[in-house]
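# Examination of the molecular architecture
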Amino acid sequence: MTAVLTRRPGLARLRTTRSPLHLLCLGFVGLVTAAALLAPWIVPYDPHAVDLGNALAGPSAAHPLGADAAGRDTLSRLLLGARTSLLGPLGVVLFSTLAGIAIGTAAAWRGGWLDSVLSRSTELVFAFPGMLLAILIISIHGEGLLAPVIALSLAYLPYVSRLTRSLVLAERARPYVSGYRVQGHSALQICLRHILPNIAPVVLAQSTINFGYALMDLAGLSFLGLGVPALTPDWGRMVFDGQTAIQHGYPLSAVLPCVFIVLTVVAFNVVGERWADRVARRDR
């Protein structure tokens, strides 16, 4: 019986591939994360300090990436903007993943009317465009990071919920689950100790991909002026503020945050898809 019940946790089976592209993207993700964490201590200038005499200044020894239309140091705003730009997607992923796992697991394990109600509810949310929901909530709540994070969390929740439900249904049919139930283990114990660790790599891969998409959506809302407040360093907001500079022939303050947004989204997507492919090959 022991051989049937012991199944290696999924996280232990997940090993990083040696693909150069994957390692490069993983390194970039680590670099951006480190910049976000250390930004308050490594920025060369106050990102909020306005210096109109230095407005739209090009790269120099004092300002390696130049300055924006208000004379604020572009490098400092990029570094501190990484914190806000990553914090929002992190909130989206944490909420949508935890809620999606709970809903998907309950629907798959209990089945019946509960499965129908939860599945239909998530499908209703799934049919509503996430950006439209975000704009609606922002119009009620006002500008800030909380409203778009809540809206996008609700929009991303069905992806995790449906994935979790299908994975838990597959795990529930395995012999080790029946063995634990015969031994008297409760549904909560089986799910928390055995099923969820086994499906964790796939959910983690999906959440990593969702992180990149959430970053792009939040940057888009900030670009529309619906995200973080005007003076907050944020990559999407920097693109919005840099429109004036582009019109005057100084695109650097707007192009650089665009580049970081694209590279970060691509890096998270590559890492997530590579992990998902790795897990899929191991489960065949």
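Everything that follows concerns the structure shown earlier in this document.
Summarised in this report is the structure supplied together with it. Here the structure is a predicted model, which is why all the values come from computation and not from measurement. (Residues numbered from 1 in each chain as written. Predicted model: local features only at pLDDT ≥ 70, side-chain atom pairs only at ≥ 80, totals over all residues. Heavy atoms only, no water.)

## Side note on the packing of aromatic side chains
Two numbers describe a pair of aromatic rings. These are the distance of the centres and the angle of the planes. We apply this condition: Stacked, tilted and edge-to-face are the three classes applied to pairs of Phe, Tyr and Trp rings, where Trp contributes its six-membered ring and a pair requires centres within 6.5 Å; stacked means planes under 30 degrees apart, edge-to-face means over 60, and tilted covers the rest. Comment: the charge-over-ring label is applied if NZ (Lys) or CZ (Arg) is within 6 Å of the ring centre and within 35 degrees of the ring normal.
All told, the structure shown has three aromatic pairs when counted by the stated rule. Its guanidinium or amino end placed over the ring of Trp109, Arg172 lies 4.8 Å from that ring's centre, counting from NZ or CZ.

## A short note on the nonpolar core
Applied cut-off: To define a nonpolar core, start from buried Ala, Val, Leu, Ile, Met, Phe, Trp, Tyr and Cys residues and group those joined through side-chain atoms within 4.5 Å. In this scheme, a residue with accessible area under 20% of its type's maximum is buried, one over 50% is exposed, and one in between is partly exposed, where area comes from a 1.4 Å probe on protein chains only. Helix numbers and strand numbers start at the N terminus; a helix is a DSSP run of H or I with at least 4 residues, a strand a run of E with at least 2. Two residues qualify as a contact provided that any one of their heavy atoms is within 4.5 Å of a heavy atom in the partner residue.
Judged by nonpolar contacts, the single largest core of 23 residues is most densely connected at Leu86, Phe211, Leu215, Trp235 and Ile261. Those elements giving two or more residues to this core turn out to be α3 (20–42), α4 (74–110), α9 (187–223), α10 (235–241) and α12 (252–282). Ranked by residue count, the leading element in this core is α12, at eight residues. When sequence neighbours within four positions are dropped, the list of residues in contact with Phe211 reads Leu86, Pro89, Leu90, Val93 and Phe268.

## Focus: the state of the cysteines
Short version of the rule: When two cysteine sulfur atoms are found within 2.5 Å, that pair is recorded as a disulfide.
All told, the structure shown has zero disulfides when counted by the stated rule. Cysteine Cys25 remains unbridged, with the sulfur of Cys258 as its closest cysteine sulfur at 19 Å. You can call Cys258 partly exposed: its relative accessible area is 33%.

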